[in-house]
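Reading the structure
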Amino acid sequence: MKLTKEVVKKISNIKGEPKWMLDFRLKSLEAFQKSSNPSFGPKLDIDYDNITYYKERENNLTDNWNNISCDVRNIFDNLGVISAEKKYLDGMGAQYDSEVIYHNMIKELEKKNVIFMDTDSALKKYPELFKKYFNNLVLYDENKYTALNGAVWSGGNFIYIPKNTKLDRP
């Protein structure tokens, strides 16, 4: 599929994003189209017209691994993700294809006003906070690949830890 403005608009529309996010995506697409491959790393020959940029999932977001289809749950189990969450983490999000399909956080962190959720939910529930921190760590126009990510990003996790909040585990 050729990456065009229409493709980027469709992704944003499916996700029900605000205008500022669509504008960000389009600005990123423009940067991607104007950029050449970066000079760092191996030489890559990528056919950008032969990539699926967004794949909708029928699974709804859940906080219970048993609500995820067996074949997908087995992939995460075989990778050790499910056991790692139980042993070491206070919560986690898991993405399959273009969407976060699993997200969980212990109640103790909610009591500390920690926000930890998938990016689509955070964009809708905390739009100003999301906008304030979105694209601050790795900027969309650093190179061709960050621009591509800015244009077609999907899924991921959003975490906000209020100032002076102490956490014992990752």
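Up top is the structure.
Below or above, wherever it landed, is the structure these notes cover. (Residues numbered from 1 in each chain as written. Predicted model: local features only at pLDDT ≥ 70, side-chain atom pairs only at ≥ 80, totals over all residues. Heavy atoms only, no water.)

**Thoughts on the side chain of E85**
Stated formally: Note on conventions: DSSP H or I runs of at least 4 residues are helices, E runs of at least 2 residues are strands, and numbering of each starts at the N terminus. Note on exposure labels: buried denotes an accessible area under 20% of the residue type's maximum, exposed denotes more than 50%, and partly exposed covers the range between, all computed with a 1.4 Å probe on protein chains only. Under the counting rule used here, the positive set is Lys and Arg, the negative set is Asp and Glu, and His together with the chain ends is not counted. When a carboxyl oxygen of Asp or Glu is within 4 Å of a side-chain nitrogen of Lys or Arg, the pair counts as a salt bridge. Any pair of nitrogen or oxygen atoms within 3.5 Å is treated as a polar contact; in protein, a donor-acceptor pairing is required on top of that, and neighbouring residues in sequence qualify only through side-chain atoms on both sides.
Secondary-structure assignment places E85 in helix α4 (residues 81–88). Of the side chains with opposite charge, K86 comes closest to the buried, unpaired E85, at an N-O distance of 7.4 Å. In terms of polar contacts, E85 uses its side chain to reach the side chain of Y102, at 2.8 Å.

**Details of the nonpolar core**
How we decide: As used here, the term nonpolar core means buried Ala, Val, Leu, Ile, Met, Phe, Trp, Tyr and Cys residues forming a set that is joined through side-chain atoms within 4.5 Å. We call two residues contacting when some pair of their heavy atoms lies within 4.5 Å.
One finds L3, F32, Y53, F130, L148 and V152 to be the most contacted residues of the largest nonpolar core, which totals 25 residues. Looking at this core, the elements with two or more residues in it are α1 (5–15), α2 (19–34), β3 (115–118), α6 (119–125), α7 (127–133) and α8 (144–152). In terms of residue count, the dominant contributor to this core is α2 (five residues). Excluding anything up to four places from it in sequence, V152 contacts L3, I11, R25 and Y53.

**Let's talk about the pattern of salt bridges**
Going through the model one piece at a time under the given rule, you end up with four salt bridges. Note that E17 is salt-bridged to R25, the shortest N-O span being 2.8 Å. On the basis of relative accessibility, which here comes to 13%, the residue E17 falls in the buried class. Here K34 makes a salt bridge to E30, at a shortest N to O gap of 2.9 Å. Of the two residues, K34 and E30 both sit in helix α2, four residues apart, roughly one turn of that helix.

By themselves, these are just geometric observations and shouldn't be taken as functional.
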